[in-house]
Number of protein chains: 2
Amino acid sequence: MKHFQYHLPTDIERESMATIARELGQMGAVIPEENEAVVKRVIHTTADFEYAKNLVFTPQAVSHALSAMKDRPVIITDTNMALAGINKPALEQVGGKVHCFMADADVAEMARENGTTRATAAIDKAVALYPKAIFACGNAPTALIRLAQLMEEKGVRPSLIIGVPVGFVNVVESKEEILALAEEKGVSAIVARGRKGGSNVAAAICNALLYEAVGRRL
Amino acid sequence: MKHFQYHLPTDIERESMATIARELGQMGAVIPEENEAVVKRVIHTTADFEYAKNLVFTPQAVSHALSAMKDRPVIITDTNMALAGINKPALEQVGGKVHCFMADADVAEMARENGTTRATAAIDKAVALYPKAIFACGNAPTALIRLAQLMEEKGVRPSLIIGVPVGFVNVVESKEEILALAEEKGVSAIVARGRKGGSNVAAAICNALLYEAVGRRL
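Here the structure is a predicted model, which is why all the values come from computation and not from measurement.

Conventions we followed
- Residues numbered from 1 in each chain as written.
- Chains lettered and ligands numbered in written order.
- Predicted model: local features only at pLDDT ≥ 70, side-chain atom pairs only at ≥ 80, totals over all residues.
- Heavy atoms only, no water.
- Least-squares fit on C-alpha atoms with pLDDT ≥ 70 in both.
- Contact = heavy atoms within 4.5 Å.
- Salt bridge = Lys/Arg side-chain N within 4 Å of Asp/Glu carboxyl O.
- Helix = DSSP H or I, 4+ residues; strand = E, 2+ residues; numbered from the N terminus.
- Buried < 20%, exposed > 50% of the residue type's maximum accessible area, 1.4 Å probe, protein only.
- UniProt positions renumbered as here; feature names shortened; annotations may be inferred.
- Pairing = 2+ DSSP bridges.
- Axes fitted to C-alpha atoms, helices over the stretch in contact; angles between N-to-C directions.
- Expected span 1.5 Å × (residues − 1).
- Right-handed = clockwise from strand over helix to strand, strands pointing away.

Overview of the relation of the copies chain B and chain A
Right, on to step 1. Turning chain B through 180° and shifting it by 0.0 Å along the axis lays it on chain A, with an RMSD of 0.0 Å. Overall, the copies show the geometry of a two-fold rotation axis. Within chain B, Met-81 of chain B has its C-alpha nearest the rotation axis, a separation of 2.5 Å.
Right, on to step 2. A high fraction, 100%, of the interface residues of chain B reappear at the interface in chain A, so the copies pair face to face through one surface.

Section: the interface of chain B and chain A
Right, on to step 1. Counting residues at the interface gives 41 residues for chain B, matched by 41 residues for chain A.
Right, on to step 2. Our count for the chain B to chain A interface comes out at four salt bridges.
Right, on to step 3. The partner of Glu-23 of chain B in a salt bridge is Arg-195 of chain A, and the shortest N-O contact between them spans 2.5 Å.
Right, on to step 4. Taken together, the elements giving at least two residues each to the side of chain B that touches chain A come down to helix 1 (9–27), helix 2 (36–46), helix 5 (80–85), helix 9 (141–154), helix 10 (171–185) and helix 11 (199–213) of chain B.
Right, on to step 5. The element contributing the most residues to the side of chain B that touches chain A is helix 1 of chain B, with six residues.

Topic: unusual backbone geometry
Only a minority of non-glycine residues have a phi that is not negative, and only a minority of peptide bonds are not trans.
Right, on to step 1. Unlike most non-glycine residues, Ala-47 of chain A shows phi in positive territory, near 55°.
Right, on to step 2. Structurally, the position occupied by Ala-47 of chain A is in the loop between helix 2 (36–46) and helix 3 (51–54).
Right, on to step 3. Its identity as a non-glycine residue notwithstanding, Gln-60 of chain B has a phi of 55°, on the positive side.
Right, on to step 4. Here Gln-60 of chain B is to be found in the loop between strand 1 (55–57) and helix 4 (61–70).
Right, on to step 5. The partly exposed category is assigned to Gln-60 of chain B, whose relative accessible area is 48%.

Remarks on the pattern of salt bridges
All names here are of chain A.
Right, on to step 1. Scanning the model with the defined rule gives 26 salt bridges over all chains in all.
Right, on to step 2. Glu-13 is the partner of Arg-41 in a salt bridge, and the nearest nitrogen-oxygen pair spans 2.5 Å. Within this pair, whereas Arg-41 is found in helix 2, its partner Glu-13 is found in helix 1 (residues 9–27), the two being separated by 28 residues in sequence.
Right, on to step 3. Relative accessible area serves as the criterion here: at 10%, Glu-13 is assigned to the buried category.

What to know about the environment of Ala-119 of chain B
Residues and elements named next belong to chain B.
Right, on to step 1. Topologically, Ala-119 is positioned in helix 8 (residues 118–129).
Right, on to step 2. Here Ala-119 falls in the buried class, since its relative accessible area comes to 6%.
Right, on to step 3. Leaving out residues up to four positions away in the same chain, Ala-119 has contacts with Met-102, Ala-140, Thr-142 and Ala-143.

Focus: the UniProt feature "domain: Cobalamin biosynthesis precorrin-8X methylmutase CobH/CbiC" (unreviewed entry) in chain A
Right, on to step 1. What UniProt calls "domain: Cobalamin biosynthesis precorrin-8X methylmutase CobH/CbiC" (unreviewed entry) maps, in this numbering, to residues 11–211 of chain A.
Right, on to step 2. Along residues 11–211 of chain A the backbone is 59% helical and 11% strand, and the end-to-end C-alpha distance reaches 16 Å.

Describing the environment of Cys-100 of chain A
Residues and elements named next belong to chain A.
Right, on to step 1. Topologically, Cys-100 is positioned in strand 3 (residues 97–100).
Right, on to step 2. Spatially, the C-alpha atoms of Cys-100 and Ala-84 are 9.9 Å apart, while their sequence positions differ by 16 residues.
Right, on to step 3. With residues up to four places along the chain from it excluded, the contact list for Cys-100 reads Thr-77, Asp-78, Thr-79, Asn-80 and Leu-83.

Some details on the sheet that holds strand 5 (residues 160–163) of chain B
Residue and element names in this part refer to chain B.
Right, on to step 1. The six strands lie next to each other as 1-6-5-4-2-3, forming an open sheet whose pairing is mixed. Each edge of the open sheet carries a strand with a single partner, namely strand 1 and strand 3 (97–100). With direction set aside, neighbouring strand axes in the sheet form an average angle of 15°.
Right, on to step 2. This element, helix 10, spans strand 1, strand 5 and strand 6 (189–192) of the sheet and lies at about 155° to strand 6.

Remarks on helix 9 of chain B
All names here are of chain B.
Right, on to step 1. Here helix 9 spans 19 Å end to end across 14 residues, near enough to the 20 Å set by a 1.5 Å rise per residue.
Right, on to step 2. Of all 14 residues making up helix 9, ten are buried, and the element is well covered by its neighbours.
Right, on to step 3. Among the residues of helix 9, Pro-141, Thr-142, Ala-143, Leu-144, Ile-145, Leu-147, Ala-148, Gln-149, Leu-150 and Met-151 are the ones counted as buried.
Right, on to step 4. Considering only its buried residues, helix 9 is in contact with helix 8, strand 4 (134–137), strand 5 and helix 10.

A short note on the pairing of strand 4 of chain B
Residues and elements named next belong to chain B.
Right, on to step 1. Burial along strand 4 is two-sided: the residues Ile-134 and Ala-136 and Phe-135 and Cys-137 are all buried.
Right, on to step 2. Note: strand 2 (residues 74–77) against strand 4, three bridges, orientation parallel. When the sheet's bridge partners are listed, Ile-76 is paired in strand 4 with Phe-135.
Right, on to step 3. Note that strand 4 and strand 5 share four bridges and pair parallel. Note on strand 5: the bridge partner recorded for Cys-137 is Gly-163.
Right, on to step 4. As for the winding sense of the linkage, the β-α-β connection from strand 4 through helix 9 to strand 5 is right-handed.

What follows is the structure, encoded as C-alpha cells:
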C-alpha cells in the first residue's frame, strides 16, 4: 500500500483551512471577515464550496452570536446527531448546555395530542423552558416554521437562529420565512439558503462560534 | 406569515424521494438498480446530487451489505455523530449493534503510547473485538488507512467498508486506497470519491441498507 504522511490533527485542520481560504480566493468569493470562521468551518465539514454563497447572515449576526455563546448559552438542536456533533469541551468552557427534545416521551405525547410533528412539539417544549436559547435546526423545517409562529404570535426572541434544514419539501420556504422574520424582528439568524444544510452543518456553525468564543487557535 | 401545507413525515420522505428520482433522471444519471436506495438516501441527506457520481460500489457491494445487515450486524463508526444518526429501531429489528470507540479512555491511551491518531487506535480496538464488522468511516482518513493496513498485513476482512470521510488532507487518497484494496481482496466497499462525505453520509448509507434489510416501505 501507499505511504501516507502522518499529521497531527491540528496540522490537518490548519492545512485544510488554508486550502479552503485559497480556493475561496480563487473563486472570487467575497466573505465579510466576521462571517469567515463560520463559512470556512461549514466548508471544512462538507467540502462543499456552495456554502460560500448559500450561507446568509442577518446584520451583525456573528457578533451577537458570539455574545450569546460567551454567556452560558443554551443550545437547542432538532436532532441527536447535531447534538453529538457539538464540541463538548468548548461548550463546557463557556458554561453552556445543549439539549435535543425530539426523542422525549412528553414531546411524542404532545405531538400526538396536537396533531403536529415531533419537531413542532419539541420547539414548544424548548421555548417554554429556554425562550432565549440558540436554536440550531439542521433537519426539520417544521421546527423553523413553529419558531416563526412563536416569534410572530408570542413575541419569542431567541438569541440566535441557525436555520439550516436540508431537503426537498418546505425546506427552502421555511428558511426564507425565518430569515425575513428574523430581520423584521431584529433577531440574529444564520441561514443556509436553498435545499442544502443538515445536522452536520448546524453543528459546524455552533462549533465555529464556540471556537471563536473560547479563543481557540489552531 | 405564510401558510405552509403540513405533511406527514412519511409523505415528505416519499415526495422527496420522488423529486430526487426525477432530477436524477433529468441529469441523465445512470444508477444500477441495486445501488439506487443508497444513492438516493445520501442525496436526501445532503441535497447534493454530486453523490450520484461520487458514490462508487465494489461488485455486488449492496447485496453483500444486505446479507451482513440482516445477520445481527455490528457497525463501527468513527464519530459519535454517525452513531447518533443511525436508525436505532431498524438496527434493533435486525438484532444489530453500533459502537464508536473514539472517545474511549483506552483508545486515547493506546494512541498516546503508539503515537497514532485516536482514529487509528479505535480501529485497532474495533478489529480486535469485531474483525468482521461493518466499518462506517465518515470522518477520519486515518481510520481507513489503518483498516487498509490491517487488511493487507493481518488478513482482516470486514463485512463492509463504508469509506466516506470528508476533507482536504489525505482524504481523497485514503478513499482511493481502500477502494482498490477492497476490490483486490474481495471485500465489499461503498466509497464517496473525492473530498465530499461526512458522518451524515456514513449514517445515511447505513440507514439505506438497514431500511432495505427490514423491508421498510414508505
